[in-house]
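Chain by chain, the residues:
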Number of protein chains: 2
Amino acid sequence: DLNALKEAGNAEAKAKEEFRAKLGQLLEGRLFYIPSFKIYGGVAGLYDYGPPGCAVKSNVQQFWRQHFVLEESMLEVECPAVTPEPVLRASGHVEKFTDLMVNDVVTKDCFRADHLLEEVVEELLRDPMLKADRRRELEDLQACIDELNVEQMSAALKDTNTKAPVTGNDLSEPYPFNLMFPTQIGPSGAVKGFLRPETAQGIFVNFRDLLYYNGGKLPFAAAQIGQSFRNEIAPRAGLLRVREFTQAEIEHFVHPEHKEHPRFAEVADTVLSLFSQDAQLGEVKKPFPMTVGEAVSKGIIANETLGYFIARCHLFLVQIGIDTNRLRFRQHLKHEMAHYAADCWDAEIQCSYGWIECVGLADRSAFDLKAHSDKSKVDLVAYERFDKPIEETVVEITPNKKVLGKAFKKDAKPVTDALLALSEADAFALQDACAANGSAPLQTENGEQQIAADMFTVEKVTKTVNGRNYTPSVIEPSFGIGRIMYCMFEHAFYIRPDDEQKTVLRLTPVVAPIKTTIFPLVNDDKLNAIAAEMNKMLTTNGISAKLDATAISVGKRYARTDELGVPFAVTVDHRSVTENTVTVRERDSCGQVRVPIPEVPGLLGRLCKMTVDWETATAGFEKQATAADE
Amino acid sequence: DLNALKEAGNAEAKAKEEFRAKLGQLLEGRLFYIPSFKIYGGVAGLYDYGPPGCAVKSNVQQFWRQHFVLEESMLEVECPAVTPEPVLRASGHVEKFTDLMVNDVVTKDCFRADHLLEEVVEELLRDPMLKADRRRELEDLQACIDELNVEQMSAALKDTNTKAPVTGNDLSEPYPFNLMFPTQIGPSGAVKGFLRPETAQGIFVNFRDLLYYNGGKLPFAAAQIGQSFRNEIAPRAGLLRVREFTQAEIEHFVHPEHKEHPRFAEVADTVLSLFSQDAQLGEVKKPFPMTVGEAVSKGIIANETLGYFIARCHLFLVQIGIDTNRLRFRQHLKHEMAHYAADCWDAEIQCSYGWIECVGLADRSAFDLKAHSDKSKVDLVAYERFDKPIEETVVEITPNKKVLGKAFKKDAKPVTDALLALSEADAFALQDACAANGSAPLQTENGEQQIAADMFTVEKVTKTVNGRNYTPSVIEPSFGIGRIMYCMFEHAFYIRPDDEQKTVLRLTPVVAPIKTTIFPLVNDDKLNAIAAEMNKMLTTNGISAKLDATAISVGKRYARTDELGVPFAVTVDHRSVTENTVTVRERDSCGQVRVPIPEVPGLLGRLCKMTVDWETATAGFEKQATAADE
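The structure presented is a predicted model; accordingly, all values stated were derived computationally and were not measured. (Residues numbered from 1 in each chain as written. Chains lettered and ligands numbered in written order. Predicted model: local features only at pLDDT ≥ 70, side-chain atom pairs only at ≥ 80, totals over all residues. Heavy atoms only, no water.)

Engineer: It is not clear to me how the packing of helix α2 (residues 51-70) of chain B against helix α13 (residues 304-319) of chain B should be interpreted in this structure. Could you clarify?
Structural biologist: Think of two packed helices as two axes; the pair is described by the angle between the axes and how far apart they sit. Residue and element names in this part refer to chain B. One way to put it is that α2 packs onto α13 with a least axis distance of 11 Å and a crossing angle of 145°. The two elements α2 and α13 cross, and the hand of that crossing is right-handed. Contact residues: α2 offers Val60, Phe63, Trp64, His67 and Phe68, while α13 offers Arg312, Cys313, Leu315, Phe316 and Gln319. Taken together, the residues that form the contact of α2 with α13 break down as 7 nonpolar, 2 polar and 1 charged. (Axes fitted to C-alpha atoms, helices over the stretch in contact; angles between N-to-C directions. Helix = DSSP H or I, 4+ residues; strand = E, 2+ residues; numbered from the N terminus. Left-handed = near helix turned anticlockwise from the far one by under 90°. Contact = heavy atoms within 4.5 Å. Nonpolar A, V, L, I, M, F, W, Y, C, P; charged D, E, K, R; others polar.)

In structure tokens, the structure reads:
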């Protein structure tokens, strides 16, 4: 029984390996992406996008910009990757953006502690003779490996007797390794900097200017697409864990007490696959389908704005070709979430590596703006005017400048500052002490000073207040473009049932690197001329096309274009010369129709915009038999 | 006379300062770009693009992609910024990508040696009492400050008695400072890396894969748009000298003996302003107008392909709004050019800072591919099949493996390698020596070995050769996007003659951040509804629009849109409700016409594509008087 399970597991693992090998062969062979600096042996975690990969990436980004930035009038910005230390100290990255590392004590090789522990625990759990108590213990450990602090990790490594892989040597104590690439800015070496680990900080530090640009009005969102950098200890799994990658991030600033979204109704009926905290902690541990409207009204998703972005994210991913059945939104468990986060969901996409976090959607409350306000001493706040002015009783401390100046001369300012900084209670206490003893001590920047009763007054006054400053909350959808693309490639990849060799990428027209290829059936001047004319006609109409006049069979040329994920092909044949028609072929159905040349741009335009499906769009045209050599 | 000149110079300098201050106020005030990390005091040489700047930049890049990559079917790639040291050692950047630096010996402040020297020389030359000999000497020095090596710079600094600015302290000896940002890759700190100083190297190292992707055929071009990084000693002049910037580079690979270009005829009549070597060294020192066809046929520009790209670059710059009269192509002087370069021209654009190098266009011969072949030991070559096979006499060295194996055992391989690596002459010499003495010494990887006559044969054989491998030449147009944008902003900026306060950016529709604003004349539900409908209609038609329903006068709203460089404005008024028409206004002429709503997208579409001018496009429509409050 156990053996059967193990065998099934092995078979599945092997099938995944084979699938990945075949897909990898296509993606690297056709230069979708390749290891960077290959001729120098490459560098783990760095990849180049070749021509088709670059085109797909550009399309994904362009569609993201259309779907989010333009559709919602977001403010797009572009900030540098080189970032001075104080910014990343304020954000918490200098202290906390770390992974726990261990070294082989002999070879000094570096490993991620959690990776090693994970493998050992898995291995231990495979033992059918394991005692029930110990099994439960290890399963509990397995569930929280990501969350262990240094001490817990150290204990767990010892408890499981984890050694260095390959050598079997002892391991060092685990210690935190900062994942940011360090650098120096300027010639003196004095200004420490890092490559940004996320694009978000560039937006936060510009909050004041962006708010001003937006006419002082909230809510508004800013967005940035750009490179981020993480010096991973052990990059692996291709594009899924890399050292330099493109992020597309949105920071939506909103009043902390008004997280409704004006366009929520537009998405309320979108059905999502939700893997909530309750679902993860329950008996069944399965995501469930629910409309975003219901999820928000039931309090499963914290608020409308977060729900709105989760739904918009779902729509984005599905439109670029992610399989809805392999997409879920997983809520962070309480202990995973930062203390300041109000709610947090990951869009996870299933691929051969498991469920991969591709988008993070978090309500980060006021944390980021407050952190930068504190460190930069620049208030990052918005102003709200109350519906009607309110009466407010406040304590006013009024230093008597004349008396203070006389008593303290040039040191009067620190005393004044200290007086103004007093809390309500402390101010009255000082007043009482002065009244009782004639004077009292006050702690100032320049040490303790003796304060006399006539140096200040404290009183409660009632004021009319028209509004107030507040720190907005930020709701952050953050997209990893490379991860999304890799999952998209996996979902798009298939092998034609009739031929093991024919691999296809079922890319949607929105993201396909080229929309159509144009083939002259044979190498003939007349056919070539029509093909060139067709090419120009389509390009002018904004439909990217590529002429392939290679002297190989149309079948082979179709196979080539299938591997690139090109959705349509136009073939110019002898009837093109006599009848002014061409054939148009759809990649997945291999269906072909004969179309008058002047109608081709219109037909392909409609198909590429995905406003109509192939069957409907080609209903009026003559069906063609599939070419013999296909 | 001298005083008058000096005064005129001062007045001009002051006018430029004022112009820059006004433009800067607009650009920074409207968030085209702002200093990065401002709330932390900023970092010299790092800038953020705010919403309108980001949109303009995206448009410039998109148009570049259209004009070069798509139009010429180039292979676009995207490579990481983090680059391991060996790549940049091969390219020469580790050794040579430096500026000479000096320190204030007391404060240790860093300065660019050439900047200090330049200022001092200028100051010295301002002295009317300067002796003629000395003047000539200093003028010669001034002409080559950029080219001085360490020793020459040291001598020049002493000769001119250059001191540290402000403090007047002595300066250290000049020393080279590498302009690349250093970093470490991976957790061990063992892999040294840099942020790339240019995007080009990512293309060169992928040459083999790209050639394969292109079916082994030359010529072809690869292109990359991306961030590059230079740790400038003293960043200044806004976007013109920054530490992180976007480059758009093309590497066109071509047979070294066939640098004709198939599309040269299309651009041959383009008139360029050429500042050739001869013109720079001649009496007049002025650029001259000439067609690129004539320049290539006269040998002023080295070849058709380089000429083709110079012309295409000219067309690109003019189409995005660079003033033709302030654009010239300056040829590098012999001593400026790298020893391997066949020819090199800079597109220089005149702005208030002088003539700025914005694009470099170089024929770099086979240098880059050879450098990477050498260091990586991977042949970066193309194969050419001869028109007809040729008979070639070659010297063949045949090691006698049996004898060598017996004599040298496991050391036979280094001996075999050394034999195969012999030059023709050395091989015959060794044969002669062996024949004369029975054996002779041979230098191998493992030191000198004694070689016997029977260990190898050398003979001349005649072979039929069908083709050969060769290293292609590369022609590199390299665009600095930020510099081009800054110059474009300067050329686009003007103040309306009627009002000092009304500043305008005359951005062309191609690059304008938004194509049209839509104003409801007054805040009225009916007008707002039509404006919203208009907004949707234009956006759907691919014309980016922005609704401005702020409750201020239309005149003020026009002024705001003028500053953003928006070329058109649609105003919705009461006649819109009754007649279904709106007014359309053109920014620079302030001309207004009344247009039926359904015709607006078509009209604006034509205007934005710049296929027709305002007067022609609006000939059939009712002219409107300019609004009273304008």
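Moving on from the coordinates now.
Engineer: Before we go on, may I ask you to explain the packing of aromatic side chains in this structure?
Structural biologist: The geometry of two aromatic rings is summed up by the distance between their centres and the angle between their planes. Under the counting rule described, the total for this entry stands at 36 aromatic pairs over all chains. When the centroid spacing of 5.7 Å and the interplanar angle of 85° are considered together, the rings of Phe316 of chain B and Phe479 of chain B count as edge-to-face. Taken together, the residues span a long stretch of sequence, with Phe316 of chain B in helix α13 and Phe479 of chain B in strand β21 (residues 473-480) at a distance of 163 residues. Judged by relative accessible area, Phe316 of chain B falls into the buried class, the value being 0%. Judged by its relative accessible area of 1%, Phe479 of chain B is buried. Its end group placed over the ring of Tyr353 of chain A, Arg20 of chain A keeps NZ or CZ at 3.9 Å from the ring centre. Here the basic side chain of Arg328 of chain A rests over the ring of Trp355 of chain A, its NZ or CZ set 4.1 Å away from the ring centre. (Phe/Tyr/Trp six-rings, centres within 6.5 Å; stacked < 30°, edge-to-face > 60°. Buried < 20%, exposed > 50% of the residue type's maximum accessible area, 1.4 Å probe, protein only. Lys NZ or Arg CZ within 6 Å of the ring centre and 35° of its normal.)

Engineer: Looking at this structure, I do not really get the domain arrangement of chain A. What am I missing?
Structural biologist: Entries for chain A in the domain assignment read domain 1 (2-97 + 180-363), domain 2 (99-178), domain 3 (388-465) and domain 4 (514-624). Summarising the inter-unit geometry, the C-alpha centres of domain 3 of chain A and domain 4 of chain A are found 83 Å apart. (Domains from an automatic or database assignment.)

Engineer: Quick question: what am I supposed to make of the relation of the copies chain A and chain B here?
Structural biologist: Taken together, a rotation about one axis and a shift along it account for how the two chain copies relate. Laying chain A over chain B is done by rotating through 180° and shifting 0.0 Å along the axis; what remains is an RMSD of 0.3 Å. Here the copies are linked by what is in effect a two-fold axis. By C-alpha distance to the rotation axis, the residue of chain A lying nearest is Thr183 of chain A, at 2.6 Å. Interface residue correspondence from chain A to chain B reaches 100%, placing this contact among same-surface, isologous pairings. (Least-squares fit on C-alpha atoms with pLDDT ≥ 70 in both.)

Engineer: Would you mind showing me how to read the nonpolar core here?
Structural biologist: In globular proteins that are soluble, nonpolar side chains generally tend to be buried together. In this structure, Trp64, Leu317, Phe329 and Leu505 of chain B are the most contacted members of the largest nonpolar core, which totals 71 residues. Three or more residues apiece are contributed to this core by two domains, here domain 1 (2-97 + 181-363) and domain 4 (514-624) of chain B. If sequence neighbours within four positions are ignored, Leu505 of chain B has contacts with Leu23, Leu26, Leu27, Phe32, Phe489, Ala492, Phe493, Asp562, Glu563, Gly565 and Arg587 of chain B. Formed by 70 residues, the second largest nonpolar core is a distinct cluster that contains Ala223, Val292, Phe309 and Ile484 of chain A. (Core = buried A, V, L, I, M, F, W, Y, C linked by side-chain atoms within 4.5 Å.)

Engineer: Any chance you could explain the environment of Ala268 of chain B here in plain terms?
Structural biologist: Residue and element names in this part refer to chain B. Locating Ala268 in the fold gives a position in the loop between α10 (264-267) and β12 (271-275). Residue classification places Ala268 among the buried positions, given a relative accessible area of 16%. It is 26 Å that separates the C-alpha atoms of Ala268 and Gly282, two residues lying 14 residues apart in sequence. Those residues in contact with Ala268, other than ones at most four positions away along the chain, are Thr291, Val292 and Gly293.

Engineer: Honestly, the pairing of strand β8 (residues 182-185) of chain A in this entry has me stumped. Any pointers?
Structural biologist: Residue and element names in this part refer to chain A. Burial of β8 is one-sided: the residues Thr183 and Ile185 facing one way are buried, the residues Pro182 and Gln184 facing the other way are not. Here β8 runs beside strand β9 (residues 191-195); their pairing, made up of 4 bridges, is antiparallel. Residue pairing across strands places Ile185 opposite Val191, the latter belonging to β9. Where β8 folds back onto β9 in an antiparallel hairpin, the turn is made up of 5 residues, including Gly186, whose phi is positive at roughly 85°. (Pairing = 2+ DSSP bridges.)

Engineer: Is there a simple way to think about the state of the cysteines in this case?
Structural biologist: In protein structure, a disulfide is the covalent linkage between the sulfur atoms of two cysteines. Residue and element names in this part refer to chain A. This structure, assessed with the given rule, holds 0 disulfides over all chains. Cys313 takes part in no disulfide bond, and the closest cysteine sulfur, belonging to Cys358, lies 9.2 Å away. Residue Cys313 is classed as buried on the basis of its relative accessible area of 0%. Looking at the unpaired Cys358, the closest cysteine sulfur is the one in Cys487, lying at 3.9 Å. Overall, the relative accessible area of 3% leaves Cys358 in the buried class. (Disulfide = S-S within 2.5 Å.)

Engineer: Honestly, the interface of chain A and chain B in this entry has me stumped. Any pointers?
Structural biologist: Frequently, the measure chosen for interface size is the accessible area removed from exposure when the parts meet. Opposite the 64 residues of chain A that make contact, chain B presents 64 residues. With both sides pooled, the region where chain A packs onto chain B buries about 5500 Å², and carbon together with sulfur makes up 66% of that total. Summed over the three residues of chain A that lose the most area to chain B, namely Ile39, Tyr40 and Glu78 of chain A, the buried surface amounts to 15% of that side. The interface formed by chain A and chain B includes 4 salt bridges. Residue Lys57 of chain B is joined to Glu78 of chain A by a salt bridge in which the shortest nitrogen-to-oxygen separation is 2.7 Å. In this structure, the connection of chain A to chain B is made through 18 residue pairs in polar contact (both at pLDDT 80 or more). The residue makeup of the side of chain A that touches chain B, split by class, is 38 nonpolar, 14 polar and 12 charged. (Buried area = accessible area lost by both parts, 1.4 Å probe. Salt bridge = Lys/Arg side-chain N within 4 Å of Asp/Glu carboxyl O. Polar contact = N/O pair within 3.5 Å; in protein donor to acceptor, adjacent residues only side chain to side chain.)

Engineer: How should I be thinking about empty space enclosed by the protein in this particular structure?
Structural biologist: Inspection of every chain in the model, using the stated rule, returns 5 cavities of 30 Å³ or more. There is about 730 Å³ of room inside the largest cavity. Gln61 and Ile225 of chain A together with Gln61, Glu78 and Ile225 of chain B are, among the 36 residues lining the largest cavity, the residues nearest its centre. By residue class, the composition of the lining of the largest cavity is 12 nonpolar, 12 polar and 12 charged. The calculated volume of the second largest cavity comes to roughly 140 Å³. Every residue lining the second largest cavity is counted, 14 residues in all, and those nearest its centre are Tyr47, Tyr49, Gln227, Glu244 and Phe245 of chain A. Contributing elements (two or more residues each) for the lining of the second largest cavity: β2 (47-49) and β11 (244-254) of chain A. Counting residues per element, the lining of the second largest cavity draws most heavily on β11 of chain A, which supplies 3 residues. (1 Å grid on protein atoms, 1.4 Å probe; cavity = no way out; pocket = protein on both sides within 12 Å on 5 of 7 lines; lining within 4 Å. Points joined across faces, edges and corners; volume = space filled by probe spheres on them.)

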